[in-house]
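# Examining the three-dimensional arrangement
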Amino acid sequence: MSFVVAIDGPAGTGKGTITGLISKEMGLVNIDTGATYRCVALQAIRNNIKLEEKQKIISLLDKITIDIKNNKGKETQTILLNGEDVTKEIRSKEVTKIVSQVSSIVEVRLKMVEVQRNLAKGKDVIMEGRDITTYVFPNADVKIYLDADENERAKRRYLENQEKGINMSFEEVLENIRIRDENDKNKEIGSLKIAEDAVYIDTTNLTIEQVKQKVRNIIENSKLKSNI
Ligand code: DC
């Protein structure tokens, strides 16, 4: 039996950082589900397909393979699109701008959920995204919703981008977060919402270390309860 920790929440709540750290510390396989949607968006850009050309985006789905490798002893992952390392490229400004809309296409969601479930099969995993607690793994052992104030999230993403050499102004980041939030909450399937049985954590005034500790405690308690 595998053990599943599911974490949802909007962009900039620290989901990626927290899951990376916890996966390393607790030996859980980290599956960044947003990365799978980013791969489809990147492939669309590479093929000069526009957002309006939905059928063309859908037709890409049979021609791509996506794999996520956890880097041994580190909190980072390598994302492979058709075997090519695209870890950095999928975080580009261009991909970030269109990914939410690409992920709203029902056929893309159905295929990516299949990819995500396959990546998790038989493993003890920690997965983060928008619909993990509600749609991908509604029976997950641990369900957490991370949230934070919009301005704080934009600030975090802006600083993170600067560190990664992604050139976006604070206003641009904030605007992008607003548009993505709106789009993520209004998807036909897999929209971002708080699962009834998820633990809600507001991270606005918490450090990464504090959030990590809270999440660790929840996982450890759940493991104790289920005797794992
Ligand atoms: O977490 P992220 O910013 O890398 O996610 C990229 C986009 O993918 C985001 O705008 C919403 C979408 N997404 C989704 O719809 N469902 C998920 N489980 C994860 C991400």
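For the structure given in this document, a descriptive report is provided here. (Residues numbered from 1 in each chain as written. Predicted model: local features only at pLDDT ≥ 70, side-chain atom pairs only at ≥ 80, totals over all residues. Heavy atoms only, no water.)

## Examining the sheet that holds strand β7 (residues 142-147)
Taken in spatial order, the 5 strands make up an open sheet running β2-β6-β1-β7-β8, and their pairing is parallel. In this open sheet, the two strands that pair with only one neighbour each are β2 (29-32) and β8 (199-202). For this sheet, the mean inter-axis angle between neighbouring strands, taken without regard to orientation, is 20°. In this structure, β2 lies alongside strand β6 (residues 125-129), joined through 4 bridges in parallel fashion. Residue pairing for β6: I31 is matched across the bridge by M127. Of the strands in this sheet, β2 and β6 are in contact with helix α2 (residues 33-46), which crosses β2 at around 40°. (Pairing = 2+ DSSP bridges. Helix = DSSP H or I, 4+ residues; strand = E, 2+ residues; numbered from the N terminus. Axes fitted to C-alpha atoms, helices over the stretch in contact; angles between N-to-C directions. Contact = heavy atoms within 4.5 Å.)

## Examining the sheet that holds strand β3 (residues 66-70)
Strand order in the open sheet formed by 3 strands is β3-β4-β5, with antiparallel pairing between adjacent strands. Strands with a single pairing partner mark the edges of an open sheet, and in this sheet they are β3 and β5 (84-85). Both strand β4 (residues 77-81) and β5 contribute to a ladder of 2 bridges, which runs antiparallel. When the bridges of β5 are listed, L81 appears paired with E84.

## So, the packing of aromatic side chains
Two aromatic rings are characterised by how far apart their centres lie and by the angle between their planes. Overall, the coordinates contain 2 aromatic pairs when judged by the stated rule. When the centroid spacing of 5.9 Å and the interplanar angle of 10° are considered together, the rings of Y145 and Y200 count as stacked. Of this pair, Y145 sits in strand β7 while Y200 sits in strand β8, and the two are 55 residues apart along the sequence. Judged by relative accessible area, Y145 falls into the buried class, the value being 4%. For Y200, a relative accessible area of 42% gives the class partly exposed. With a centroid separation of 6.2 Å and 85° between ring planes, the pair formed by Y158 and F170 is classed as edge-to-face. Taken together, the residues span a long stretch of sequence, with Y158 in helix α7 (residues 150-164) and F170 in helix α8 (residues 170-185) at a distance of 12 residues. In this structure, R117 is placed above the aromatic ring of Y135, and the distance from its NZ or CZ to the ring centre is 5.8 Å. Here K223 stacks its cationic end above the ring of F3, 5.2 Å away from the centre of that ring. (Phe/Tyr/Trp six-rings, centres within 6.5 Å; stacked < 30°, edge-to-face > 60°. Buried < 20%, exposed > 50% of the residue type's maximum accessible area, 1.4 Å probe, protein only. Lys NZ or Arg CZ within 6 Å of the ring centre and 35° of its normal.)

## A word on the site of the ligand
Neighbouring the ligand are 16 residues; R38, R109, D131, R180 and K187 lie closest to it. Here an oxygen atom of the ligand and a side-chain polar atom of R130 are 3.0 Å apart. Its free accessible area being 450 Å², the ligand has 97% of it covered by the protein chains. Every element with two or more residues in the shell around the ligand is listed here: α2, α4 (93-102) and α8. Looking at which element gives the most residues to the shell around the ligand, the answer is α2, with 4 residues. Classifying every residue of the shell around the ligand by side-chain character gives 3 nonpolar, 5 polar and 8 charged. (Near = heavy atom within 4 Å. Polar contact = N/O pair within 3.5 Å; in protein donor to acceptor, adjacent residues only side chain to side chain. Areas by Shrake-Rupley, 256 points an atom, 1.4 Å probe, with all protein chains shown as cover. Nonpolar A, V, L, I, M, F, W, Y, C, P; charged D, E, K, R; others polar.)

## What to know about the pairing of strand β1 (residues 4-8)
The buried fraction of β1 amounts to 5 of the 5 residues, a majority that puts the element mostly inside the structure. Burial along β1 is two-sided: V4, A6 and D8 and V5 and I7, pointing in opposite directions, are all buried. Of the pairings in the sheet, the one linking β1 to β6 comprises 5 bridges and is parallel in character. Bridge assignment links A6 to a residue of β6, and that residue is M127.

## Digging into the side chain of T19
Inspection of the secondary structure puts T19 in helix α1 (residues 15-26). Within the structure, the side chain of T19 is placed 3.1 Å from the backbone oxygen of G16, a separation counted as a polar contact.

## Some remarks on unusual backbone geometry
Located in the positive-phi region is N48, a residue other than glycine, with phi close to 55°. On the secondary structure map, N48 appears in the loop between α2 and α3 (54-60).

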